[in-house]
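# Chain and residue survey
Okay, here's what each chain looks like letter by letter:
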Amino acid sequence: QVQLVESGGGLEQPGGSLRLPCAASGFTFNLYRMSWYRQTPGKERDMVATISRTGDTTDYADSVKGRFTISRDNVKNMVYLQMNSLKPEDTAVYYCKAASTATRRYYWGQGTQVTVSS
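Residues numbered from 1 in each chain as written. Predicted model: local features only at pLDDT ≥ 70, side-chain atom pairs only at ≥ 80, totals over all residues. Heavy atoms only, no water.

## Quick word on the side chain of D90
Here D90 lies in the loop between β8 (78–83) and β9 (92–99). Side-chain polar atoms of D90 contact the side chain of R38, separated by 2.9 Å. A polar atom in the side chain of D90 sits 2.8 Å from the backbone nitrogen of K87. (Helix = DSSP H or I, 4+ residues; strand = E, 2+ residues; numbered from the N terminus. Polar contact = N/O pair within 3.5 Å; in protein donor to acceptor, adjacent residues only side chain to side chain.)

## Considerations on the environment of P41
With respect to the secondary-structure elements, P41 resides in the loop between β4 (33–39) and β5 (46–51). Considered as a pair, P41 and M78 are 37 residues apart in the sequence and their alpha carbons are 27 Å apart.

## A short note on unusual backbone geometry
If you check the backbone angles, N77 has positive phi at about 55° while not being a glycine. By the element assignment, N77 lies in the loop between β7 (68–73) and β8. At S85, a position not held by glycine, the phi torsion is positive, near 50°. Counting through the fold element by element, S85 comes out in the loop between β8 and β9.

## Examining the pattern of salt bridges
In total, this model carries three salt bridges according to the counting rule given. For the salt bridge of D62 with K65, the shortest nitrogen-to-oxygen distance reads 3.2 Å. The shortest N-O distance in the salt bridge between D90 and R67 comes to 2.7 Å. With D90 in the loop between β8 and β9 and R67 in the loop between β6 (58–60) and β7, the pair connects residues that are 23 residues apart, well separated along the chain. Accessibility classification places D90 together with R67 in one group, the buried group. When salt bridges that share partners are traced, they join R38, R67 and D90 into one network. (Salt bridge = Lys/Arg side-chain N within 4 Å of Asp/Glu carboxyl O. Buried < 20%, exposed > 50% of the residue type's maximum accessible area, 1.4 Å probe, protein only.)

## As for the pairing of β8
In terms of residue burial, β8 counts as a mostly covered element, since five of its six residues are buried. In terms of strand pairing, strand β3 (residues 18–25) meets β8 through six bridges, oriented antiparallel. Its bridge partner lying in β8, R19 is registered against Q82. Sheet topology note: the β7/β8 ladder contains six bridges and is antiparallel. Bridge assignment links D73 to a residue of β8, and that residue is M78. Count of turn residues in the β7/β8 antiparallel hairpin: four residues, of which N77 carries a positive phi of about 55°. (Pairing = 2+ DSSP bridges.)

## A look at the pairing of strand β11 (residues 112–116)
Only one face of β11 is covered, namely the one carrying T112, V114 and V116; the face carrying Q113 and T115 has none of its residues buried. Bridging between strand β2 (residues 10–12) and β11 involves three bridges; their strand directions are parallel. From the neighbouring strand, G10 faces β11, where its bridge partner is V114. The pairing of β9 with β11 spans three bridges and is classified as antiparallel. By the bridge assignment for β11, V93 is matched with Q113.

The following block contains the structure:
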């Protein structure tokens, strides 16, 4: 049974930091590209950060470059999103995604709410 379980969300003040872990199970983790997306009500789910299977390459949305860092641990089957210098516009539900270009399979987590407000 495939599972992606995000955690770490909550309420944070502008300028603060949060770290979102995503625990993966039920599939061969190191064969999947891992990504973080976010979504606000009435809008599409947008990619925030992505990391290659080995972790050697990453990419970010322009809106979070220099503030967010994605990382992964292929031993623990975990992916993380470190979010610094948070802004109110970072408020969203954050989702973890696993995707395989070889099999075209992909999986989503259930999401975790991040709210940035004073």
